[in-house]
Amino acid sequence: MSVWEKSSTARVVPAARPRKLSKVPFVELADGRLQGVVSSGSDIGRVYVSSIAAGSYAYSCSTNNNRPCGGARGSFCNHIRALVGEAVLQYGGERVGRCLKVEVSDGELDAQSLTLAMTSTRPGSDDASAAAQVFSRFLRHLAYLELAATTGPLPEMQWFPTARAVAA
């Protein structure tokens, strides 16, 4: 483990397996959902914000301009399926299944078995109210990529306590 990982106050969880970021550049397990940003296969300037709610598996998929996905009518679209696949690569099937409250009776928890278990319950669509927050977090992550490499503190990260801070 690097010095940064040892002194960090946030737990660093390594990816389960390496993944390519071109199709699904952003995926997270947060706010009781699997959510992320998926690139469009047909338009380089378009991305989709997709999510699946834990337990109910209610799904949502819309463009970055808040237009609904044409493929998410009655079942998971290809964007949501890609999101599940990349989440399994990033976090591992067990963690994704646990977060989404998916129970698979037999075999390994992979993207296909998780998707099959969720779609077999015939989940309904969810509103796209979380899409703006997810897309905003994605853009914030992209902004960090544009910063020059530095070992100095970042002003917007000042609210993190130092590793050796003592509460008074």
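Everything numeric here is computed off the predicted structure, so don't read it as measured data. (Residues numbered from 1 in each chain as written. Predicted model: local features only at pLDDT ≥ 70, side-chain atom pairs only at ≥ 80, totals over all residues. Heavy atoms only, no water.)

How two helices pack is summed up by the angle between their axes together with the distance between the axes. Interaxial distance between helix H2 (residues 78–91) and helix H3 (residues 93–100) falls to 7 Å at its minimum, and their mutual angle equals 120°. In terms of axis orientation, H2 runs oblique to H3. Each of Ala87, Val88 and Tyr91 in H2 lies in contact with H3, whose residues at this interface are Gly93, Arg95 and Val96. Looking at the contact of H2 with H3 residue by residue, the class counts come to 4 nonpolar, 1 polar and 1 charged. (Axes fitted to C-alpha atoms, helices over the stretch in contact; angles between N-to-C directions. Helix = DSSP H or I, 4+ residues; strand = E, 2+ residues; numbered from the N terminus. Parallel < 35°, antiparallel > 145°, perpendicular 65-115°, else oblique. Contact = heavy atoms within 4.5 Å. Nonpolar A, V, L, I, M, F, W, Y, C, P; charged D, E, K, R; others polar.)

Mean pLDDT over the protein chain works out to 82, with 80% of the residues at or above the 70 mark. Within the protein chain, the lowest mean pLDDT, 59, falls on helix H1 (residues 3–7), and the highest, 93, falls on H2. (pLDDT = per-residue confidence, 0-100.)

Attention now moves to the side chain of Ser60. With respect to the secondary-structure elements, Ser60 resides in strand S4 (residues 59–63). Exposure remark for Ser60: the relative accessible area of 6% places this residue in the buried category. Leave out the neighbours within four places in its chain, and Ser60 touches Val49, Ser50, Ser51, Ile80, Asp126, Asp127 and Ala128. (Buried < 20%, exposed > 50% of the residue type's maximum accessible area, 1.4 Å probe, protein only.)

A complete count under the given rule lists 3 aromatic pairs for this structure. Taken together, a centroid distance of 5.4 Å and an interplanar angle of 75° make the contact between Tyr59 and Phe76 edge-to-face. Note that Tyr59 is positioned in strand S4 and Phe76 in the loop between S4 and H2, a separation of 17 residues in sequence. Judged by relative accessible area, Tyr59 falls into the buried class, the value being 3%. Aromatic side chains Phe135 and Phe138 sit 6.0 Å apart centroid to centroid with 40° between the ring planes, which places their arrangement in the tilted category. Here Phe135 and its partner Phe138 are both found in helix H5 (residues 131–145), 3 residues apart, which amounts to about one turn of the helix. Judged by relative accessible area, Phe135 falls into the buried class, the value being 19%. In this structure an aromatic cluster arises from ring pairing among Phe26, Phe135 and Phe138. (Phe/Tyr/Trp six-rings, centres within 6.5 Å; stacked < 30°, edge-to-face > 60°.)

In this section: the pairing of S4. Burial within S4 is extensive, with 5 of its 5 residues counted as buried. Neither face of S4 is exposed, since Tyr59, Cys61 and Thr63 on one face and Ser60 and Ser62 on the opposite face are all buried. As defined by bridge partners, strand S3 (residues 47–53) adjoins S4 across 5 bridges and the pair is classed as antiparallel. Across the sheet, the residue bridging to Ile52 is Tyr59, located in S4. The turn linking S3 back onto S4 is made up of 5 residues, and Gly55 within it adopts a positive phi angle of 85°. (Pairing = 2+ DSSP bridges.)

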